[in-house]
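Residues per chain are reported as follows:
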There are 2 protein chains.
Amino acid sequence: MGQRPTILDVAKKAGVSKSTVSLVLQKNSAVKESTRVAVRQAMADIGYVYNRSAATLRSSCSGLIGLVINDLRNPFFAEFATSFQMELAQNGFATVLANTDEDPLLQSRMISSLIEHGVSGFVISPSYGQEEDTLAVIEAAGVPALQVFRSLSQGDNRFPFVAPDYKLGGTRATEHLLEMGCKRIAFLGGLNGRPVTQERMSGYLDVIARNNQEPVVLTGEATRQFGKKMVDKLAADHPDVDGVICFNDLVGLGVLSACVELGIRVGRDLRVVGFDDIEDCQDSFPAMSSVSCHIPDFAKTTAAQILSWINDGVCPPDQQRSDVELVIRASSGQA
Amino acid sequence: MGQRPTILDVAKKAGVSKSTVSLVLQKNSAVKESTRVAVRQAMADIGYVYNRSAATLRSSCSGLIGLVINDLRNPFFAEFATSFQMELAQNGFATVLANTDEDPLLQSRMISSLIEHGVSGFVISPSYGQEEDTLAVIEAAGVPALQVFRSLSQGDNRFPFVAPDYKLGGTRATEHLLEMGCKRIAFLGGLNGRPVTQERMSGYLDVIARNNQEPVVLTGEATRQFGKKMVDKLAADHPDVDGVICFNDLVGLGVLSACVELGIRVGRDLRVVGFDDIEDCQDSFPAMSSVSCHIPDFAKTTAAQILSWINDGVCPPDQQRSDVELVIRASSGQA
DNA sequence: TTCAATGTTTGGAACGTTCCAAAAATGTGG
DNA sequence: CCACATTTTTGGAACGTTCCAAACATTGAA
């Protein structure tokens, strides 16, 4: 017994069979309370630790969930990953993290690796490109997978998709700026052609059209740098813009930063709304209004869905949109 | 064969024994090139996927590394986790992530869970408290564990510890502000009594003493909010302060934000240096000077060390300090 | 042609669980 | 005290790999 004790050692110590010990481990209600206690005691005494590899092999259920994220450096995803991981942990599942850095090749490799490790399910915010391959591997393996935030397969219902109602967010943000008296509102950032960009933008475009304004759209990388650059561009090409909807908060923070630098008074000369409501929004100057999907709640829902799919075979609906809330702060501020 | 194909199916298909297939899987050089190719082909043909649970069970080597992080919402750790994970992936290891949110109880639970999953090693930036327990579990399990950034066991050499040279960072930052002509320099943020705080601060204190200045120290939470609050406090209690060293970038960003709000010209009225050099530093206004440990390099080193410990039994030295660089930007700017 | 050395392949026995059908223990009503 | 239902417990047989000692092939030298 130089090695780690096994279920067999526990059984011997407790004077029962290994099967009984196994039942205790699985919290099976058939085992009598008194023996349960005895077994638990024996475990504690000899310092037993559960070997999940063995369990997984036999039962093909690993208690592992793969979380595949396209950009963990974006605080939005970091916040999501954090909440999600904690939620899973509460349910006895461990999270295997894979950051794909927007690289579909890396993504394929990582997904394969996760499958090898026997993850019981995937939650995946996919990187674009190589779409067939990526999903095909998961499908072939027959592992439940939930797409979040982005979808590679919108419409073909191979993998259910959950996301905040981006369009509604765009709508709300735009309406808000109109109410605040903005006469010319621009939409900034987000790669052109990407579904997420399109949705957020379409909310904006609808409202703009309905109010007979002319849209100003400057798509591009969803980064702080891009946000900064666009402030110059706006000043040069569209001096009448007095409100901007940003594709996400990073762009928004870039805008704020540039405005401060140029002496543009955010909340007066220019009203700014971001998207995602990452924590930074509360502490920027000025504090930034943003469309929130309530990350912790969203993560909780996501976790619940993948778990009930795994545990009870309940496959989530094809496509779901969660509500969003516009959190109003000084950047789009009161007059 | 309704189930996933196994090594045995591959063997049959390729006309060899399962042992040979296993050898191929392990990239053993004993197997002849031609059979290697044949086996690989067979795998591809029948869509074989490696079952690591089985391999782990037999070989007790899981290819899994546990990354335990005290606060993944802090971009610094998110950036580290990202780099680390990618580095491991390149070496065929998967990263199981656990965020402990500064909660030692959660930490204990998560570590136990990771051990059950058979992680081959830990890299851990620990939450404080309950120290004995936390480390005892890992020690009992005999799993290699590397502490990063923080150490629960400084001195008792149970687990090697790697961190940036915090003190040197404090020194460099302070010297820099002196060179820029600051007459009164404050140190802001970081929980009192924590080793990391002490180290960063001691670099500061040394330089201050050597230059016959009087120190101004305001410890506290390492958050943006705290940074903001302290600007008011400085203005009220220490109006002569013209330079601040911040415990970390979050505090620094808070300071910047408050300064902009109050019309304090950062880089002129007040010079600011942060710590960690997270990506935000480049895009704040003004861009923030910060002590960098070169996160990607640091992650690479860490990954290399834990891997060589696991693979080759090379236990890293008890304590290591990596070099830091002061990245100078506008917040501490040129005169 | 034979022998030794070297290069390749192989069958069975692990690894530590869970699953299952069946056995043993316990409880109940007559 | 028996027959029966019910509650607990149990011994193998998996699960899909890796490991090992031994078998088989091939090569070069004698």
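Residues numbered from 1 in each chain as written. Chains lettered and ligands numbered in written order. Predicted model: local features only at pLDDT ≥ 70, side-chain atom pairs only at ≥ 80, totals over all residues. Heavy atoms only, no water.

Got a sec to walk through the relation of the copies chain A and chain B? Specific residues and values, please.
When chain A is fitted to chain B, the residual RMSD is 0.1 Å, and the transformation amounts to a turn of 180° plus an axial shift of 0.1 Å. Taken together, these values place the two copies in the relation of a two-fold axis. Identified as the residue of chain A closest to the rotation axis by C-alpha distance is A:Val96, at 2.1 Å. Both copies present the same face, since 100% of the interface residues in chain A are matched by interface residues at the equivalent positions in chain B. (Least-squares fit on C-alpha atoms with pLDDT ≥ 70 in both. Contact = heavy atoms within 4.5 Å.)

With reference to specific residues and values, describe the interface of chain A and chain B.
Opposite the 48 residues of chain A that make contact, chain B presents 48 residues. Across the chain A/chain B interface, buried area totals approximately 4300 Å², and carbon plus sulfur atoms make up 58% of it. Summed over the shared surface of chain A and chain B, the number is 13 residue pairs in polar contact (both at pLDDT 80 or more). Breaking the side of chain A that touches chain B down by element, the ones donating at least two residues are helix H4 (52–59), helix H5 (75–90), strand E2 (94–99), helix H6 (104–116), helix H10 (224–237) and helix H11 (249–262) of chain A. When residues in the side of chain A that touches chain B are grouped by element, the largest group, seven residues, is from H5(A). Looking at the side of chain A that touches chain B residue by residue, the class counts come to 20 nonpolar, 16 polar and 12 charged. Across three bridges, the pairing between E2(A) and strand E2 (residues 94–99) of chain B is antiparallel. Looking at the pairing, A:Thr95 lines up with B:Leu97 of E2(B). (Buried area = accessible area lost by both parts, 1.4 Å probe. Polar contact = N/O pair within 3.5 Å; in protein donor to acceptor, adjacent residues only side chain to side chain. Helix = DSSP H or I, 4+ residues; strand = E, 2+ residues; numbered from the N terminus. Nonpolar A, V, L, I, M, F, W, Y, C, P; charged D, E, K, R; others polar. Pairing = 2+ DSSP bridges.)

So what's going on with the packing of helix H1 (residues 7–14) of chain B against helix H2 (residues 18–25) of chain B? Which residues, and what values?
Residues and elements named next belong to chain B. In the contact formed by H1 and H2, the axes pass within 8 Å of each other and the chain directions differ by 105°. Considering their axes alone, H1 and H2 lie roughly perpendicular with respect to each other. Here Ile7, Leu8, Val10 and Ala11 of H1 come into contact with H2, specifically with Lys18, Val21, Ser22 and Leu25. The residue makeup of the contact of H1 with H2, split by class, is six nonpolar, one polar and one charged. (Axes fitted to C-alpha atoms, helices over the stretch in contact; angles between N-to-C directions. Parallel < 35°, antiparallel > 145°, perpendicular 65-115°, else oblique.)

Just give me the short version of the sheet that holds strand E8 (residues 243–246) of chain B, but keep the residues and values in it.
Residues and elements named next belong to chain B. Strand order in the open sheet formed by six strands is E7-E6-E8-E9-E10-E12, and the pairing between neighbours is mixed. Two strands bound the open sheet, and with one partner strand each, they are strand E7 (216–218) and strand E12 (325–327). Across this sheet, the average inter-strand angle for adjacent strands is 20°, counted without regard to direction. Direction of pairing for strand E6 (residues 185–188) relative to E7: parallel, over a ladder of three bridges.

Break down the protein's contact with DNA strand D for me, citing the residues and quoting the values.
Residues in contact with DNA strand D amount to 26 residues; listed here are only the nearest, A:Ser19, A:Thr20, A:Thr35, B:Ser22 and B:Tyr48. At the protein interface, 60% of the atoms of DNA strand D within 4 Å belong to sugar or phosphate. The contact in question runs from a phosphate oxygen of DNA strand D to an N or O atom on the backbone of B:Ile7, over 2.9 Å. At 3.0 Å from a phosphate oxygen of DNA strand D is found a side-chain nitrogen or oxygen belonging to B:Gln26. Listing elements by their share of the surface near DNA strand D, those giving two or more residues are helix H2 (18–25) and H4 of chain A together with H2 and helix H4 (52–59) of chain B. Grouping the amino acids of the surface near DNA strand D by side-chain chemistry returns 11 nonpolar, 10 polar and five charged. (Near = heavy atom within 4 Å.)

Can you break down the packing of H5(A) against helix H12 (residues 295–312) of chain A residue by residue, with the values?
All names here are of chain A. Relative to each other, H5 and H12 sit at 50°, their axes nearing to 8 Å. With respect to H12, the element H5 is oriented oblique. Note that H5 runs across H12; the crossing there is right-handed. Residues Phe76, Glu79, Phe80, Ser83, Phe84, Glu87 and Leu88 of H5 pack against Ile295, Pro296, Phe298, Ala299, Lys300, Thr302, Ala303, Ile306 and Leu307 of H12. (Left-handed = near helix turned anticlockwise from the far one by under 90°.)

Help me get a handle on unusual backbone geometry, residues and values and all.
Glycine aside, negative phi is the norm for most residues, and most peptide bonds take the trans geometry. Residue and element names in this part refer to chain A. With an omega dihedral of -10°, the bond running from Phe285 to Pro286 counts as a cis peptide bond. As for its position among the elements, Pro286 is in the loop between strand E9 (271–276) and strand E10 (289–292). Backbone geometry places Asp276, a non-glycine residue, at a positive phi of 115°. Mapping Asp276 onto the fold places it in strand E9. A relative accessible area of 6% means that Asp276 is categorised as buried. (Buried < 20%, exposed > 50% of the residue type's maximum accessible area, 1.4 Å probe, protein only.)

Residues and numbers for the packing of aromatic side chains, please.
What the rule picks out here adds up to 16 aromatic pairs over all chains. Ring centres of A:Phe77 and A:Phe149 lie 5.7 Å apart, and the angle between their planes is 75°; on these two criteria the pair is classed as edge-to-face. Pair noted here: A:Phe77 is in helix H5 and A:Phe149 is in the loop between strand E4 (145–148) and strand E5 (161–164), with a separation of 72 residues, a long-range link. When its relative accessible area of 8% is taken as the criterion, A:Phe77 is described as buried. With relative accessibility at 2%, the residue A:Phe149 sits in the buried group. Geometrically, the ring pair formed by B:Phe80 and B:Phe149 is edge-to-face, given 4.9 Å between the ring centres and 80° between the ring planes. In this pair, B:Phe80 sits in helix H5 (residues 75–90) while B:Phe149 sits in the loop between strand E4 (145–148) and strand E5 (161–164), placing the two residues 69 residues apart along the sequence. The same class applies to B:Phe80 and to B:Phe149, which are both buried. Counting every residue linked through ring pairs, the aromatic cluster contains A:Phe76, A:Phe77, A:Phe80, A:Phe84, A:Phe149 and A:Phe298. The ring of A:Phe247 has A:Arg200 lying over it, and the distance from NZ or CZ to the ring centre is 4.8 Å. (Phe/Tyr/Trp six-rings, centres within 6.5 Å; stacked < 30°, edge-to-face > 60°. Lys NZ or Arg CZ within 6 Å of the ring centre and 35° of its normal.)

Explain the pairing of E5(A) to me, and be specific about the residues and the numbers.
Within a regular strand, side chains alternate between the sheet's two faces. Residue and element names in this part refer to chain A. Of the two faces of E5, both are covered, the one formed by Phe161 and Ala163 as well as the one formed by Val162 and Pro164. Pairing analysis gives two bridges linking E4 to E5, with the strands arranged parallel. By the bridge assignment for E5, Gln147 is matched with Phe161. Here four bridges tie E5 to strand E11 (residues 319–322), and the two strands are oriented parallel to one another. Bridging from a neighbouring strand, Ala163 pairs with Arg321 of E11.

I'd like a description of the pattern of salt bridges, backed by residues and values.
Any two side chains of opposite charge can pair, on the condition that their charged atoms come close. Considering all chains together, one arrives at 32 salt bridges over all chains under this definition. Salt-bridge contacts for B:Arg265 lead to B:Asp269; the nearest nitrogen and oxygen are separated by 2.8 Å. Looking at B:Arg265, the relative accessible area reads 46%, which means it is partly exposed. By sharing partners, the salt bridges in this structure join A:Arg73, A:Asp101 and B:Glu279 into a single network. (Salt bridge = Lys/Arg side-chain N within 4 Å of Asp/Glu carboxyl O.)

Could you give an account of the protein's contact with DNA strand C, naming the residues involved and the relevant values?
Around DNA strand C lies a shell of 26 residues, among which A:Ser22, A:Tyr48, B:Ser19, B:Thr20 and B:Thr35 are the nearest. Contacts to DNA strand C include A:Ser22, whose side-chain N or O atom sits 2.4 Å from a phosphate oxygen. In this structure, A:Ala54 approaches DNA strand C through a main-chain N or O atom, which is 3.4 Å from a base nitrogen. Of all the secondary structure elements, the ones that give two or more residues to the surface near DNA strand C are H2 and H4 of chain A together with H2 and H4 of chain B. For the surface near DNA strand C, the per-class residue count stands at 11 nonpolar, 10 polar and five charged.

Can you explain the sheet that holds strand E6 (residues 185–188) of chain A? Please cite residues and give values.
Residues and elements named next belong to chain A. Here we have six strands laid out as an open sheet, ordered E7-E6-E8-E9-E10-E12, and mixed in their pairing. Two strands lie at the open edges of the sheet, namely strand E7 (216–218) and strand E12 (325–327), each paired on one side alone. In this sheet, adjacent strand axes meet at a mean angle of 20° when their direction is disregarded. Across the sheet, H10 touches E6, E7 and strand E8 (243–246), and the angle it forms with E7 is around 140°.

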